[in-house]
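What follows is the residue order along each chain.
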Amino acid sequence: MTQASPGLLKRLFAGAPKAPAPDAALGADPAPPKSRLGHEPALHAMLGRQILDAHLRNRHQLLDRAPTDFRTADADETHLLVLAMSAAAQADGELDTIERGRIRSRLGTSSLDEEARSRLEQLVDEPQCLEELVRRIDSPRLAARFYAVSLATVDKNAPINRSYLRYLAQRLGLPADLVVRLNRQMGLRL
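So, here is what we can say about the structure in this document.

### Quick word on helix H8 (residues 140-153)
Now for step 1: Helix length check: H8 (14 residues) gives 20 Å between terminal C-alpha atoms against 20 Å at 1.5 Å per residue, within 8%.
Now for step 2: In terms of burial, H8 is a largely internal element, twelve of the 14 residues being buried.
Now for step 3: Buried within H8 are the following residues: Leu142, Ala143, Ala144, Arg145, Phe146, Tyr147, Ala148, Val149, Ser150, Leu151, Ala152 and Thr153.

Written out as structure tokens, the structure is:
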């Protein structure tokens, strides 16, 4: 078995140009350089497919990067989302102090004035009709936010809250991959 010289190996793996063909000295156009390995186009196609698949799996991240942040919500959206949190908190039959604190902390990040905040805090104690709230949703982005704030409000370990969240996701018509992503983001495995 013959051993290749180190210079030859270096040129092959470092991409150094080979010596011109004898025809090139005679003035003929050299053939365009080709990939030595031959699988570069297949590799590019595979990588492109993986990037596209990853984008499609995560496309809902483009809708709203922080679905539970009220700083970007207008007054009507904040009102609806706070009522969604109240409905989720009351799904198990009571609004406990932890859930009330979660609602207040989210409401505190909103751009509402003090008077509007206090009116909303009073509405939190009243039972909410989920059907009326769901009818007010007019976009997939708002539906995702509605689910996310509900998820952020409740005790995720209580079976009744898990059932409520499953029902809510179905009622809102959320895609399964979005529900899984939001659940994971909030620390819930359904």
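Now that the structure has been shown, we can carry on.
### Quick notes on the side chain of serine 86
Now for step 1: On the secondary structure map, serine 86 appears in helix H4 (residues 75-89).
Now for step 2: Residue contacts for serine 86: discarding those within four places in its chain leaves Ile103, Leu123, Val124, Glu126 and Gln128.

### Some points on the pattern of salt bridges
Now for step 1: According to the stated counting rule, one finds seven salt bridges in the structure shown.
Now for step 2: Ionic pairing is found between aspartate 125 and arginine 100, a salt bridge with its closest N-O pair at 2.2 Å. Pair noted here: aspartate 125 is in the loop between helix H6 (114-124) and helix H7 (130-135) and arginine 100 is in helix H5 (residues 97-108), with a separation of 25 residues, a long-range link.
Now for step 3: Residue aspartate 125 is classed as partly exposed on the basis of its relative accessible area, which comes to 45%.
Now for step 4: For arginine 100, a relative accessible area of 22% puts it in the partly exposed group.
Now for step 5: Across the pair arginine 117 and glutamate 114 runs a salt bridge, and its minimum N-O distance is 3.3 Å. Of this pair, arginine 117 and glutamate 114 both sit in helix H6, three residues apart, which is roughly one turn of that helix.
Now for step 6: According to the relative accessible area criterion, glutamate 114 is exposed, its value standing at 58%.
Now for step 7: Bridged by salt links that share partners, the residues Glu77, Arg141 and Arg145 form one connected network.

### A word on the environment of glutamate 99
Now for step 1: Tracing the backbone shows glutamate 99 in helix H5.
Now for step 2: Its relative accessible area of 1% is what places glutamate 99 among the buried residues.
Now for step 3: It is 8.1 Å that separates the C-alpha atoms of glutamate 99 and aspartate 155, two residues lying 56 residues apart in sequence.

Parameters and conventions
Residues numbered from 1 in each chain as written. Predicted model: local features only at pLDDT ≥ 70, side-chain atom pairs only at ≥ 80, totals over all residues. Heavy atoms only, no water. Helix = DSSP H or I, 4+ residues; strand = E, 2+ residues; numbered from the N terminus. Expected span 1.5 Å × (residues − 1). Buried < 20%, exposed > 50% of the residue type's maximum accessible area, 1.4 Å probe, protein only. Contact = heavy atoms within 4.5 Å. Salt bridge = Lys/Arg side-chain N within 4 Å of Asp/Glu carboxyl O.

From the geometry alone we can't say anything about function, so treat these as descriptive.
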